[in-house]
Amino acid sequence: FYIVFNIIIMMPNNSESSLDDQHRIELLWEQREELVVENFAKDASFRSTSHGAKAKKFKQLNIAFTIPTIVIPLVLSGLSEVLGEFKLLNNVLLICVGVLSGIQALLGFSEKYQKHSNFSNLFSELSDLVKTEMAKPKSSRVACDLFMCTVRLRRSNLISRAPDL
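Residues numbered from 1 in each chain as written. Predicted model: local features only at pLDDT ≥ 70, side-chain atom pairs only at ≥ 80, totals over all residues. Heavy atoms only, no water.

**Here we look at the packing of aromatic side chains**
Counted under the stated rule, the structure contains 3 aromatic pairs. Taking 5.9 Å as the distance between ring centres and 55° as the angle between the ring planes, the aromatic pair formed by W29 and F147 counts as tilted. Remark: F147 occurs in helix 5 (residues 144–161) and W29 occurs in the loop between helix 1 (2–10) and helix 2 (31–78); sequence separation between them is 118 residues. Take W29: its relative accessible area is 8%, and that puts it in the buried class. Both rings, one in F65 and one in F109, keep their centres 5.3 Å apart while their planes meet at 40°; by these two values the pair is tilted. In this pair, F65 is assigned in helix 2 and F109 in helix 4 (residues 109–135), connecting sequence segments 44 residues apart. (Phe/Tyr/Trp six-rings, centres within 6.5 Å; stacked < 30°, edge-to-face > 60°. Helix = DSSP H or I, 4+ residues; strand = E, 2+ residues; numbered from the N terminus. Buried < 20%, exposed > 50% of the residue type's maximum accessible area, 1.4 Å probe, protein only.)

**Concerning a nonpolar patch on the surface**
On the surface, I63, I67, I70, V71, L74, V75, L79 and V82 cluster together into a nonpolar patch covering about 700 Å² of accessible area. As for its position among the elements, V71 is in helix 2. V71 gets classed as partly exposed once you look at its relative accessible area, which sits at 40%. (Patch = residues over 30% accessible without salt bridge, like charges linked within 9 Å, V, L, I, M, F, W, Y side chains within 5 Å. Areas by Shrake-Rupley, 256 points an atom, 1.4 Å probe, with all protein chains shown as cover. Salt bridge = Lys/Arg side-chain N within 4 Å of Asp/Glu carboxyl O.)

The following block contains the structure:
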């Protein structure tokens, strides 16, 4: 603590360097900046669509593996007296139910569906945010550099957390 304190005291005090540049002009909304932000919106829209397609695929797989695991045991229990002579068929169907349940648990279709659906919505929100801002007149928009930084950080955050496509 003592060493750090001495270093801070011995550093030259250059108050000029901490002041804002009074001649600095805010980054204006020009065509180049608008193109960058619109590309962020297009990318977010594409990712939203891609995650939506993956979510749909995993939803269908989840349904395809869940319904038989529910229906087959119900049918077998209701027809147990009729199928009493066909024990082999009964056992094969129960093994199929076990295999389907195992595949569903191992591959986690419902969890994958939920994640892709969630990220489809999040990317769609980001795209809508950019489109809404770009629809405003330039004089009413958020500062260009601030908005670009915010959108870029949100996009990077979403990409880093999103499940693989």
